[in-house]
Amino acid sequence: MASASTQPPALSNEQAKVVLAEVTQAFSAPENAVRMDGARDNACKDMGKMLQFVLPVATQIQQKVIKAYGFSCDGEGVLKFARLVKSYKAQYSEIASLLGKLKALFLPSMTLPPHGPAPGGSVAAT
């Protein structure tokens, strides 16, 4: 009987770059771009809604690409692919760059609050 938790395929850093580039390109396909835009519109930059609307679409787009490389066509396959690619991130700047581009495709740009005291607040001197 097969184990429910199978090992992910072993990919070299070069293979990982190729798959990551294909995943990134898949988001540019017209039908996927329309799906992602619709999901983003539904989410309205709300992080909870991003998880509800955007993440499932992004996962489906990735699944279609990574299944050709031996990953399971489910959320677990996407997670295993992500872990594998992240393991190369520190060693290979090209993979780190591709990961950044991929992340930017489905996570909203967040504006951080300004640093410093709140309006009307004071900073204690030490």
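- As annotated in an unreviewed UniProt entry, the protein is Protein C10 from Echinops telfairi.
- Database annotation for the protein, UniProt heading Subcellular location (unreviewed entry): "Cytoplasm".
- For the protein, the Sequence similarities (unreviewed entry) comment in UniProt is given as "Belongs to the UPF0456 family."

1. Examining the packing of aromatic side chains
Phase 1 of the analysis: Applying the stated rule across the entire model yields 2 aromatic pairs.
Phase 2 of the analysis: With 5.8 Å between their ring centres and 65° between their planes, Tyr-88 and Tyr-92 make a pair best called edge-to-face.
Phase 3 of the analysis: When its relative accessible area of 29% is taken as the criterion, Tyr-92 is described as partly exposed.

2. Thoughts on the packing of helix α1 (residues 13-26) against helix α4 (residues 75-89)
Phase 1 of the analysis: Two elements in contact, α1 and α4, have axes separated by 10 Å at closest approach and are oriented at 125°. By the criterion of interaxial angle, the relationship of α1 to α4 is oblique. For α1 against α4, the interelement crossing comes out left-handed. Every residue of α4 that contacts α1 at Asn-13, Ala-16, Val-19, Leu-20 and Val-23 is listed here: Phe-81, Val-85 and Tyr-88.

Quick notes on the rules
Residues numbered from 1 in each chain as written. Predicted model: local features only at pLDDT ≥ 70, side-chain atom pairs only at ≥ 80, totals over all residues. Heavy atoms only, no water. UniProt positions renumbered as here; feature names shortened; annotations may be inferred. Phe/Tyr/Trp six-rings, centres within 6.5 Å; stacked < 30°, edge-to-face > 60°. Buried < 20%, exposed > 50% of the residue type's maximum accessible area, 1.4 Å probe, protein only. Axes fitted to C-alpha atoms, helices over the stretch in contact; angles between N-to-C directions. Helix = DSSP H or I, 4+ residues; strand = E, 2+ residues; numbered from the N terminus. Parallel < 35°, antiparallel > 145°, perpendicular 65-115°, else oblique. Left-handed = near helix turned anticlockwise from the far one by under 90°. Contact = heavy atoms within 4.5 Å.

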